[in-house]
Amino acid sequence: VEKAKFLYSAGFFLTVSPESMLTVAKHAAETGKYYMINLAAPFICQFFKDPLLKLFPYVDFIFGNECEARTFAQVQGWE
């Protein structure tokens, strides 16, 4: 982690250890590294929305397909 310039976490990891993801994301922000995640699946956006949103201030790149993005938008109340 110390030597890496880019850190990536799959969104599925939110189901087991959102605290670890937040620790890594904060480390990346504090040390000038890039932190990336994917939305993983629609259910992540639905049932893990709070831990996902806690990560967002530290995320440089978010990956997601159309279905995941649509579900995220619906959960956030966007049209």
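Each chain has its residues counted from 1, following the order in which its sequence is written. Predicted model: local features are reported for residues with pLDDT of at least 70 only, side-chain atom pairs are reported and counted for 80 or more only, and whole-chain, interface and lining totals are derived from all residues. Working from all heavy atoms in the structure, the side-chain values ignore hydrogens and water.

Looking at an unreviewed UniProt entry, the protein carries the name Adenosine kinase, with the source organism given as Hygroamblystegium humile. UniProt positions are given in the numbering used here, feature names are shortened, and annotations may be inferred rather than shown by experiment. Here the protein is described in UniProt, under the heading Pathway (unreviewed entry), as follows: "Purine metabolism; AMP biosynthesis via salvage pathway; AMP from adenosine: step 1/1." According to its UniProt record, the protein has this under Function (unreviewed entry): "ATP dependent phosphorylation of adenosine and other related nucleoside analogs to monophosphate derivatives."

Asker: Got a sec to walk through the pairing of strand E1 (residues 6-9)? Specific residues and values, please.
Answerer: Looking down a regular strand, the side chains alternate between one sheet face and the other. Of the two faces of E1, only the one carrying Leu7 and Ser9 is buried; Phe6 and Tyr8 on the other face are not. Of the strand pairs in this sheet, E1 and strand E2 (residues 34-38) are connected by four bridges, and their pairing is parallel. Within E2, the position partnered with Ser9 by the bridge is Ile37. For crossovers, right-handed means that the path from the first strand over the helix to the second runs clockwise, given strands pointing away from the viewer. Helix and strand definitions follow DSSP, with helices as H or I runs of at least four residues and strands as E runs of at least two, each counted in order from the N terminus. With helix H1 (residues 18-31) bridging E1 and the parallel E2, this β-α-β connection has right-handed handedness. Accessible area is worked out with a 1.4 Å probe on protein chains only. A residue is then buried under 20% of its type maximum, exposed over 50%, and partly exposed in between. Strand pairing is defined by DSSP finding a minimum of two bridges between the two strands.

Asker: Please provide a residue-by-residue account of the nonpolar core, values included.
Answerer: With 16 residues, the main nonpolar core has Leu14, Met21, Tyr35, Ile37, Leu52 and Leu55 as its most contacted residues. Of all the secondary-structure elements, those providing two or more residues to this core are H1, E2, helix H2 (42-47) and helix H3 (49-55). Considering every element that reaches this core, the biggest residue donor is H1, with three residues. Dropping the residues within four chain positions of it, Tyr35 is found in contact with Leu7, Ser9, Met21, Val24, Ala25, Ala28, Leu55, Tyr58, Val59, Asp60 and Phe61. For our purposes a nonpolar core is just a set of buried Ala, Val, Leu, Ile, Met, Phe, Trp, Tyr and Cys residues, chained together by side-chain atoms within 4.5 Å. In this description, contact between two residues means that some pair of their heavy atoms is separated by no more than 4.5 Å.

Asker: Please provide a residue-by-residue account of the pairing of E2, values included.
Answerer: Counting buried positions along E2 gives four out of five residues, so the element sits mostly inside the fold. The pairing of E2 with strand E3 (residues 61-63) spans three bridges and is parallel. Bridging across to E3, Met36 finds its partner in Phe61.

Asker: Describe in detail the packing of aromatic side chains, supporting the description with residues and values.
Answerer: Aromatic contacts are taken between Phe, Tyr and Trp rings whose centres are within 6.5 Å, Trp giving its six-membered ring; a plane angle under 30 degrees counts as stacked, one over 60 as edge-to-face, and the others as tilted. Tallied over the full model, the rule gives seven aromatic pairs. Aromatic pair Phe12 and Phe43: ring centres 6.1 Å apart, planes at 35°, arrangement tilted. One end of the pair, Phe12, is in the loop between E1 and H1; the other, Phe43, is in helix H2, with 31 residues separating them in the sequence. Assessed through its relative accessible area of 41%, Phe12 is described here as partly exposed. Taken together through their ring pairs, the aromatic side chains of Phe6, Tyr34 and Phe61 make up a single cluster.

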